[in-house]
Amino acid sequence: MKIRRPRLPRTRRGQRRLVQAVMAGCVLALLPATWLFVSTADRLRTTADAPHTDVAVVFGAGLWDGEPSPYLAHRLDAAAKLYRAGRIKVVLVTGDNSRKDYDEPDAMRAYLVEHGVPDTRIVSDYAGFDTWDSCVRARKIFGVKRAVLISQGFHIRRAVALCRAAGVESYGVGVDAKHDATWYYGGTREVFAAGKAALDAVFRPDPTFLGPKEPGVARALAAGR
């Protein structure tokens, strides 16, 4: 069975319409990424000028042999720096714990404790399976209304936009990262992830797991007073 190749239009009018259709498709594909860029333009900070907030949210970024990956370690380093500078009071670590042998939040907690953040000032979200889930759970489960979000530069805009859509007044700290294969993969992935982010912001689906409210953040804040 022969597979027929698509035929290109032969007339100038047909060719013009094809070019217009391709251009329209490219514009539509880039709209979500443009939305992320525009909607977060005034929300990005550094560890030096991040606003004083009660809570910082650190998103999971993978484990290597049970330890935070270099990308995740950089995020946690930024959180520890903000805590030592007195700019935040509590760190909410949110990540994947869908398997017994894979526990991002506990690995993140252990790393922060090793770097000077008291265990009582760390709260774990074990069902942060993606950025939207983490943002919704931060608001609905942990009662976070305002936060500094910490991630790599290629991801932070999406995190800020989604958390704002979930009802969290958010500012983002994008940490530096080596421009290696992982960085380029992450940047490319964000172009496609922007489309899902736009759909999440519009339709606001429930996260994979919601469950009852947890007093962890309020308890950690009270413990520090």
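The text that follows walks through the structure, step by step, so that each part is easy to find. (Residues numbered from 1 in each chain as written. Predicted model: local features only at pLDDT ≥ 70, side-chain atom pairs only at ≥ 80, totals over all residues. Heavy atoms only, no water.)

Here we take up the side chain of S124. If you trace the backbone, S124 turns up in strand 6 (residues 122-125). Classification of S124 as buried rests on a relative accessible area of 8%. For S124, the side chain forms a polar contact with the side chain of R109, separated by 3.1 Å. With residues near it in sequence (within four places) discarded, S124 still touches L92, V93, P105, D106, R109 and F142. (Helix = DSSP H or I, 4+ residues; strand = E, 2+ residues; numbered from the N terminus. Buried < 20%, exposed > 50% of the residue type's maximum accessible area, 1.4 Å probe, protein only. Polar contact = N/O pair within 3.5 Å; in protein donor to acceptor, adjacent residues only side chain to side chain. Contact = heavy atoms within 4.5 Å.)

Attention now goes to the sheet that holds strand 5 (residues 90-94). Strand order in the open sheet formed by six strands is 1-8-7-2-5-6, and the pairing between neighbours is parallel. The sheet is open, and its two borders are formed by strand 1 (44-45) and strand 6, each paired with just one other strand. Two elements, strand 2 (residues 55-59) and strand 7 (residues 146-152), share four bridges in a ladder whose sense is parallel. Among the inter-strand pairings, V58 is bridged to a residue of strand 7, identified as I150. Strand contacts of helix 3 (residues 104-114): strand 2, strand 5 and strand 6, with the helix running at about 165 degrees to strand 6, the strand carrying the most contacts. (Pairing = 2+ DSSP bridges. Axes fitted to C-alpha atoms, helices over the stretch in contact; angles between N-to-C directions.)

Grouped together as the largest cluster of nonpolar side chains are 28 residues, with contacts concentrated most on L92, V144 and L149. Contributions of two or more residues to this core are made by strand 2, strand 5, helix 4 (131-140), strand 7, helix 5 (153-165), helix 6 (181-203) and helix 7 (216-223). The element contributing the most residues to this core is helix 5, with six residues. Leave out the neighbours within four places in its chain, and V144 touches V55, L92, A138, R139, V168 and V217. In terms of nonpolar packing, the next biggest core, distinct from the first, is built from 26 residues, L72, L82, I88 and M108 among them. (Core = buried A, V, L, I, M, F, W, Y, C linked by side-chain atoms within 4.5 Å.)

With that settled, consider the packing of helix 2 (residues 70-84) against helix 3. At their nearest, the axes of helix 2 and helix 3 sit 10 Å apart, and the two run at 50 degrees to each other. With respect to their mutual orientation, helix 2 and helix 3 come out oblique. Relative to helix 3, helix 2 is oriented so that their crossing is right-handed. Together, L72, A73, L76, D77, A79 and A80 of helix 2 and M108, Y111 and L112 of helix 3 make up the contact between the two elements. Looking at the contact of helix 2 with helix 3, its residues break down into eight nonpolar, no polar and one charged. (Parallel < 35°, antiparallel > 145°, perpendicular 65-115°, else oblique. Left-handed = near helix turned anticlockwise from the far one by under 90°. Nonpolar A, V, L, I, M, F, W, Y, C, P; charged D, E, K, R; others polar.)

Within this structure, the stated rule accounts for one disulfide. Residue pairing for C135: its cysteine sulfur links by disulfide to C163, the two sulfurs lying 2.2 Å apart. Its S-S torsion of approximately -85 degrees makes the covalent link between C135 and C163 left-handed. Here the residue C135 occupies a position in helix 4, and C163 occupies one in helix 5, the gap between them amounting to 28 residues. You'll find C135 and C163 in the same group, each marked buried. (Disulfide = S-S within 2.5 Å.)

Glancing now at helix 2. Over its 15 residues, helix 2 runs 21 Å from end to end, which matches the ideal 21 Å to within 8%, given 1.5 Å per residue. Among all positions in helix 2, only Y71, L72, A73, R75, L76, A78, A79, A80, L82 and Y83 are buried. (Expected span 1.5 Å × (residues − 1).)

Mapped onto the secondary structure, W64 falls in strand 3 (residues 63-64). With a relative accessible area of 58%, W64 lands in the exposed category. Each residue touching W64, except ones within four places of it in the same chain, is listed here: S69 and P70.

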